[in-house]
Amino acid sequence: MKFEGRVWIFKDDDINTDLIYPGKYIYEPLKEEEQARHAMEDYDFDFSDQARKHDIIITGKNFGCGSSREQAVTCLKYAGVDAIVAKSFARLFYRNAINSAVAVIECPEAVDEAFKLEAKQGSRLSDLKMKIDLSNGKISLALKEYLLKEYSFPSWDEQAMLIFKAGGLVEYTKQRL
Amino acid sequence: MGQTLIEKIIARASGKKAVSKGEIVFVSPHRILSHDNSAAIIEIFKKIGAKKVWDPERIFIALDHAVPPPDERKALNHKIIRNFVKEQGIKHFYDCGVGICHQVLPEYGHVVPGVVILGSDSHTTTHGALGAAGIPIGRTETASVWAIGKTWLKVPETIKIVLQGTLKEGVYAKDAILYVIGQVGADGANYKAMEFYGNIVEKMSISERMTICNLSAEMGAKAGMVPFDEVTKERLKRRVEGPYESLYADSDAAYEKVLEYDLSDLEPQVACPHKVDNVHRVKDLKKIKIDVAFLGTCTNGRLDDLKIASEIVEGKKIAPGVRLLVYPASRMVLIAALKMGYIEKLVEAGAEVAVPSCGPCLGAYGGILAPGEKCISSANRNFKGRMGCKEETGIFLASPVTVAASAIAGYITAEV
Ligand code: SF4
């Protein structure tokens, strides 16, 4: 379970689900690409244009607070995001992410370091690269090809890992019908 | 070491004698709630490959988020849900116009103390007002519970909130909880349960307790609960679906922290844009001109809210250019408010009264703000863009009194 990708830095706390995926779309059963197009719409206009496969988001505390809408997770997933590293996540977002097999990692130290490197306020695509290894709980930050630092994060609950490894809760439930 | 209320409730729901913080358990809910998002849940349910729901008696669906449906797609969603309800024999289905899910569930007696209520809506915490643990989950998880009847929970820590003193005249449960949110912060109770105590809470009606439990979601709480007492007991005499057994926290329960506030000097509060924990005293605000005053939602759209607002506007007219939107939380609320003459007073003052539903709260239809507009609202969220438009708009959250007084004045005020 390894991820490697470009890094988006959203340098705010409490980025809520309305900013990630506006309420006006939640009762429209939008297709994957359409969902991706609205990702972060009320927060960062460029994101959906520039996001690519295997991107990683680094952000502050309480990411995803607000509503239970699952599109806040899936829009990011469909935009290409494999993993989100935050100081902390709102509980519902965290659960929804595991259920959609998007890796959510709480590692304030790595976030602080990334924020420091990207002194500019607001959100943007940084020059950083990040590697995440879920199996040993390690994150590394790199600039160009130079490894900057390595961090450890606490392992997930066993049940969360089971669901994630099954490929999400739909697959997990399928096996238990 | 004694147990907290959520520990006892989760232990019972998972068939265990006792559970401890951090433990992972599987629970089967007493009720599982969803609303218009049921259409999406049905799709996931089918994707899972499930044929029959695990228990049609325990599933509750109310249509409230897009009522009446403003477009074809949302009308189709409702149709998909109605068909599914029929096909699966889902017993507790409340069609458009009955009310907001969190209002209807307890109104029809489906909430009893000491149980787990799961809900695919973040304000499922509301049901803590009756001593239940209302725990929000997502859509996929709801579909999974529909299919297999259970899900996992991690036993949370609990924050005990004690509200002491006496609220001054003109200060309400909404002001009290906004103040607490300002203190605790938007993530202050993330992953945690909250228990509310103190003489202010003891005196609160069930409606007021619903307001504070509803807003515990805005501190990130997994559940917010007021323990069962005489007030709960009285209320449950009116309507409850069966026998129940109340649970209490032990006196030596281990809390993550205990926060005590004396609210005797509290003044009317307002949460300013764009975060719910951006809380100020109303009187410290400059004269902020408003365009919309919104009275309704699962937070403050109940009979007592309409009553107090109607008394404030009685014999007056709303300020020129202001729209006062009134969305009663349920049909029962609407009927009672009609009988009591509250609706008439509101309409005479210039209010636009709508069908019981979520309405402008979520910005999906009905009452959308125009760029640059400001709204004083009795709802629970003031996020940027929440009411459908993010361009220079601002939502201010306050009590129904402040909403009504502001509608008359044309700017934000709690002076009546
Ligand atoms: S009234 Fe608002 S907060 Fe309550 S359930 Fe409806 S949309 Fe959600």
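Note that the structure is a prediction, hence the values are computed from the model and not measured.

Procedures and definitions
Residues numbered from 1 in each chain as written. Chains lettered and ligands numbered in written order. Predicted model: local features only at pLDDT ≥ 70, side-chain atom pairs only at ≥ 80, totals over all residues. Heavy atoms only, no water. Helix = DSSP H or I, 4+ residues; strand = E, 2+ residues; numbered from the N terminus. Buried < 20%, exposed > 50% of the residue type's maximum accessible area, 1.4 Å probe, protein only. Contact = heavy atoms within 4.5 Å. Areas by Shrake-Rupley, 256 points an atom, 1.4 Å probe, with all protein chains shown as cover. Core = buried A, V, L, I, M, F, W, Y, C linked by side-chain atoms within 4.5 Å. Buried area = accessible area lost by both parts, 1.4 Å probe. Salt bridge = Lys/Arg side-chain N within 4 Å of Asp/Glu carboxyl O. Polar contact = N/O pair within 3.5 Å; in protein donor to acceptor, adjacent residues only side chain to side chain. Nonpolar A, V, L, I, M, F, W, Y, C, P; charged D, E, K, R; others polar. Near = heavy atom within 4 Å. Domains from an automatic or database assignment. Disulfide = S-S within 2.5 Å.

1. Focus on the overall build of chain A
- For chain A, the helix and strand inventory stands at eight helices and seven strands.
- In terms of overall dimensions, chain A has a C-alpha envelope of 45 × 35 × 25 Å along the principal axes.
- Counting only residues that meet the buried cut, chain A has 60% of its 177 residues in that class.
- By sequence separation, contacts in chain A at least 24 residues apart represent 68% of the contacts at least 6 residues apart.
- Approximately 7,400 Å² of chain A is accessible, and the part contributed by carbon and sulfur atoms is 47%.

2. Some details on the nonpolar core
- F47(A) and L76(A) are the most contacted members of the largest nonpolar core, which has 69 residues in total.
- Dropping the residues within four chain positions of it, F47(A) is found in contact with W8(A), F10(A), A39(A), M40(A), I57(A), L76(A), A79(A) and V81(A).

3. A short note on the interface of chain A and chain B
- Each partner contributes to the interface: chain A provides 44 residues, whereas chain B provides 48 residues.
- With both chains or domains summed, chain A and chain B bury close to 3,800 Å², and 53% of this area falls on carbon and sulfur atoms.
- Summed over the shared surface of chain A and chain B, the result is six salt bridges.
- The interface formed by chain A and chain B contains 17 residue pairs in polar contact (both at pLDDT 80 or more).
- Counting residues per element, the ones that place at least two in the side of chain A that touches chain B are α1 (17-20), α5 (91-99), α7 (158-166) and α8 (169-174) of chain A.
- In terms of residue count, the dominant contributor to the side of chain A that touches chain B is α5(A) (six residues).
- The residue inventory of the side of chain A that touches chain B, partitioned by class, reads 16 nonpolar, 12 polar and 16 charged.

4. With respect to the site of the ligand
- Residues in close proximity to the ligand include H65(B), I100(B), H102(B), D121(B), H123(B), T297(B), C298(B), C358(B), C361(B), L362(B), N380(B) and R386(B), which together make up its full environment.
- Residue assignment places the shell around the ligand across two domains, with domain 1 (5-261) and domain 2 (270-409) of chain B each supplying three or more.

5. Points about the state of the cysteines
All names here are of chain B.
- The full count for this structure, using the stated rule, is zero disulfides over all chains.
- Of all cysteine sulfurs in the structure, the one in C298 sits closest to C213, which takes part in no disulfide; the separation is 12 Å.
- C213 gets classed as buried once you look at its relative accessible area, which sits at 0%.
- Residue C389 stays outside any disulfide, its sulfur separated by 12 Å from that of C375, the closest cysteine.
- For C389, a relative accessible area of 10% corresponds to the buried category.

6. Overview of the domain arrangement of chain B
Residue and element names in this part refer to chain B.
- When the domains of chain B are assigned, the result is domain 1 (5-261) and domain 2 (270-409).
- The gap between the C-alpha centroids of domain 1 and domain 2 is 24 Å.
- In this complex, domain 1 contributes 36 residues to the contact, which on the side of domain 2 involves 34 residues.
- Regarding the contact of domain 1 and domain 2, the summed buried area is about 2,800 Å², with carbon and sulfur atoms giving 60% of it.
- It is I100, K174 and L178 in domain 1 that bury the most area against domain 2; as a group they hold 21% of the surface buried on that side.
- Joining domain 1 to domain 2, the criterion identifies one salt bridge.
- Notably, a salt bridge pairs E218 with R381, separated by 3.1 Å at the nearest N-O pair.
- Counting across the domain 1 and domain 2 interface gives 22 residue pairs in polar contact (both at pLDDT 80 or more).
- Those elements giving two or more residues to the side of domain 1 that touches domain 2 turn out to be α4 (101-107), α6 (173-184) and α8 (206-216).

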